[in-house]
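As a plain string of letters, each chain reads:
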Amino acid sequence: MDFEALKKYSALHPKPARLTLQYGTAGFRSKAEQLDHVMFRMGLLAALRSRATGSTIGVMVTASHNPEEDNGVKLVDPLGEMLHPSWEEYATQLANAEEQDLQKTLTEICQKAAVNQQKDASVFIGRDTRPSSKKLSQAVIDGVSVLGGQYHDYGLVTTPQLHYVVCCQNTRGQYGKPTLEGYYQKLSKAFMELIKKSPGSGEGQRHLKIDCANGIGALKLSEMQPYLPKEVLVHIYNDGTKEKLNHLCGADFVKVHQKPPKGLDMKPNERCCSFDGDADRIVYYYTDTAGHFHLIDGDKIATLISIFLKELLAKVGQTLKMAVIQTAYANGSSTRYLEETLQVPVHCVKTGVKHLHHKAQEFDIGVYFEANGHGTVSTSMQCIISAAKTYKKCQISLRMILPFPPCSQTVGDAISDMLVIEAILSLKGLTVHQWDAFYTDFPNRLLKVQVADRQVIDTTDAERRAVTPPGLQEKIDALVKKYKFSRAFVRPSGTEDVVRIYAEADTQENADALAHEVSLAVYHLAGGRGAPPQPL
Ligand SMILES: CC(=O)N[C@H]1[C@@H](OP(=O)(O)O)O[C@H](CO)[C@@H](O)[C@@H]1O
Ligand SMILES: [Mg+2]
């Protein structure tokens, strides 16, 4: 390691005094102006991780659905998965080391993680469309370069595209070509093979309106359009030419507010969807003839895919083990429908796609989605082999509906999920209304409360019960008892400085009231900041 060069370059990316940040649920997230040093240091860390694994590592500069002024960074491991948890800790240490301790911290990480300094390092870099992203990705490049690593800057890409190219590179092309063209070809081919068997829904052409959150999804989807068959016509809205990223639009806005995004004109019963700011989440929705808005979230997407896969498995006489993985935020009605009506086993894990992915890998087919629309289907090698064998019999290979076999099924991808959903709806001849009618969501409410230190809340049972502070869970239990068909839980967010509150009940009024009462309990028992939460 050239410590002189390190010192010189690090001085160009100084760490603001007293600032500490945490590698959270999805990497580092903060105001963009606080992140230059973090980016430089994540460039350093990616070079070390590359040497430790002997593989190319990805660095994505994005803050996803968060405001345009924010930014963030996440590292991508060799097979396109999220960074290994043991290295999340190194990431936090490195990001928070004071200038004079940087060299020592790097040396310690090299020792602990047995990094061979002589090895080559290779890093792929991508970024979203935020105004701050270009400069921040340059800081990543500085970090990689100062440790003698090679880099390839893919420039503007969606998060899943960066995962894709990293996986392609490390599997020596087995997974696909490590280019955007390779990505478009792979996805469109999988889609076309799948819909070949579609009876057609009578529409001739399938129209889909897509709100791209004024983000990278718009750019990449329009690049992909020439690769898509004429049967599917995507109409891009919120393409970023006029309005601000994620402002009153995008998958997170639609899910949280349960209303349509700005900038998308919806006609009754038209199928519409929203991507988030880095195009790894998707939710669908429509308005009915009476003008009511209907959200089709990650839970219903998981249900649609599960039905399709279950029928497919039955048709070809396969007994592969399939399960759906959810978090505590999954609507109780979806869990009940999956378990009782579809008879598919459901598992609940902690928030964050990495937890869902990990659990999904225990099954031949693991369908995993967060309620907010982040997810995909992971398939075991066994499943892929079986699919290849039964291909002739069912004429639809399981492989085709899973555009990311066998390795980078590690991350949700709005574009590939959209293609899978469109294909299934077409194959089953389902309208958006029929899909929505699978089950009715229990009324629910998601709130946030500011507290002095959100870490005072510790949870257990896949975050469904609070262990600390004392008395909080007892209070929540008592409040839940007041309402019918109710449930509530609280947990500290891993991406924002807030505590999240979730409640379900028999009516929207009761879900709102319960969420409010629980938020007051958090405010009083967990050190609430500012004014007490007001009723909705
Ligand atoms: C309730 C909710 O939607 N939480 C989101 C949010 O995490 P929090 O830890 O709740 O801030 O951001 C994560 C990263 O995008 C996503 O994985 C997760 O589902
Ligand atoms: Mg995202």
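The rules behind each value
- Residues numbered from 1 in each chain as written.
- Chains lettered and ligands numbered in written order.
- Predicted model: local features only at pLDDT ≥ 70, side-chain atom pairs only at ≥ 80, totals over all residues.
- Heavy atoms only, no water.
- UniProt positions renumbered as here; feature names shortened; annotations may be inferred.
- Donors = N, O, S within 2.8 Å, 3.2 Å for Na, K, Ca; no water.
- Buried < 20%, exposed > 50% of the residue type's maximum accessible area, 1.4 Å probe, protein only.
- Phe/Tyr/Trp six-rings, centres within 6.5 Å; stacked < 30°, edge-to-face > 60°.
- Helix = DSSP H or I, 4+ residues; strand = E, 2+ residues; numbered from the N terminus.
- Pairing = 2+ DSSP bridges.
- Axes fitted to C-alpha atoms, helices over the stretch in contact; angles between N-to-C directions.
- Contact = heavy atoms within 4.5 Å.
- Arc of directions from axis to C-beta.
- Polar contact = N/O pair within 3.5 Å; in protein donor to acceptor, adjacent residues only side chain to side chain.
- Domains from an automatic or database assignment.
- Buried area = accessible area lost by both parts, 1.4 Å probe.

For the protein, an unreviewed UniProt entry supplies the name Phosphoacetylglucosamine mutase and the organism Anas zonorhyncha. Listed in UniProt under the heading Function (unreviewed entry), the comment for the protein reads: "Catalyzes the conversion of GlcNAc-6-P into GlcNAc-1-P during the synthesis of uridine diphosphate/UDP-GlcNAc, a sugar nucleotide critical to multiple glycosylation pathways including protein N- and O-glycosylation." Recorded under Sequence similarities (unreviewed entry), the UniProt text for the protein is reproduced unchanged: "Belongs to the phosphohexose mutase family."

A. Region of the structure containing the coordination of the magnesium ion (ligand 2). The protein atoms that coordinate the magnesium ion (ligand 2) are S64 (OG), D276 (OD), D278 (OD) and D280 (OD), at distances spanning 2.0 to 2.2 Å. Taken in chain order, the donor set of the magnesium ion (ligand 2) reads S-x211-D-x1-D-x1-D. Relative accessible area serves as the criterion here: at 2%, D280 is assigned to the buried category.

B. Highlighting the packing of aromatic side chains. Under the criterion given, the structure shown has 14 aromatic pairs. Between the aromatic rings of F124 and Y154, the centroid separation amounts to 5.0 Å while the plane-to-plane angle is 65°, which identifies the pairing as edge-to-face. One end of the pair, F124, is in strand β4 (residues 122–127); the other, Y154, is in strand β5 (residues 150–156), and 30 residues separate them in sequence. The two residues F124 and Y154 agree in class, both being buried. With a centroid separation of 5.8 Å and 90° between ring planes, the pair formed by Y329 and Y502 is classed as edge-to-face. Placement of the pair is Y329 in the loop between β11 (322–327) and α11 (332–341) and Y502 in strand β19 (residues 499–504), with a sequence separation of 173 residues. You can call Y329 buried: its relative accessible area is 12%. Residue Y502 is classed as buried on the basis of its relative accessible area of 4%.

C. Looking closely at the sheet that holds strand β18 (residues 487–492). Overall, antiparallel pairing links the three strands, which are arranged β15-β19-β18 in an open sheet. On the outer flanks of this sheet lie β15 (444–449) and β18, each paired with one strand and no other. With strand direction ignored, the average angle separating the axes of adjacent strands in the sheet is 15°. Here β18 pairs with β19 via six bridges, running antiparallel. From the neighbouring strand, A488 faces β19, where its bridge partner is A503. Strands in contact with helix α18 (residues 508–525) are β15, β18 and β19; relative to β15, the strand with the most contacts, it is inclined by about 20°.

D. Quick peek at helix α1 (residues 3–12). Residues A5, L6 and S10 constitute the buried set of α1. The buried residues of α1 occupy an angular sector of 125° when the element is viewed end-on, so they sit on one face. Facing away from the buried side of α1 by over 90 degrees, the exposed positions are E4, K7, K8, A11 and L12. Structurally, α1 contributes buried residues whose contacts are with α2 (36–53), α4 (102–112) and α5 (133–146). Residue D2 occupies the N-cap position of α1, its side-chain oxygen lying 3.2 Å from the main-chain nitrogen of E4.

E. The arrangement of the UniProt feature "domain: Alpha-D-phosphohexomutase C-terminal" (unreviewed entry) in the protein in detail. This chain's UniProt record puts "domain: Alpha-D-phosphohexomutase C-terminal" (unreviewed entry) on residues 446–519. As a span, residues 446–519 carries 30% helix and 31% strand, and end to end its C-alpha atoms are 10 Å apart.

F. Structural context of the domain arrangement of the protein. What the domain assignment lists for the protein is domain 1 (3–156), domain 2 (185–294), domain 3 (298–436) and domain 4 (444–525). Facing 30 residues of domain 2, the contacting portion of domain 3 comprises 32 residues. For the domain 2 face of the interface with domain 3, the top three residues by lost area are L194, I282 and Y284, together amounting to 21%. Where the side of domain 2 that touches domain 3 is concerned, the elements lending two or more residues are α7 (180–195), β6 (206–211), α8 (216–224) and β9 (282–287). Residue contributions to the side of domain 2 that touches domain 3 peak at seven residues, all from α7.

G. Spatial organisation of unusual backbone geometry. Note that the residue after T468, namely P469, is joined by a cis bond; omega there is -5°. You can see P469 is positioned in the loop between β17 (465–468) and α17 (472–481). Although it is not a glycine, A114 adopts a positive phi angle of roughly 50°. Its identity as a non-glycine residue notwithstanding, A462 has a phi of 50°, on the positive side. On the secondary structure map, A462 appears in the loop between β16 (458–460) and β17.

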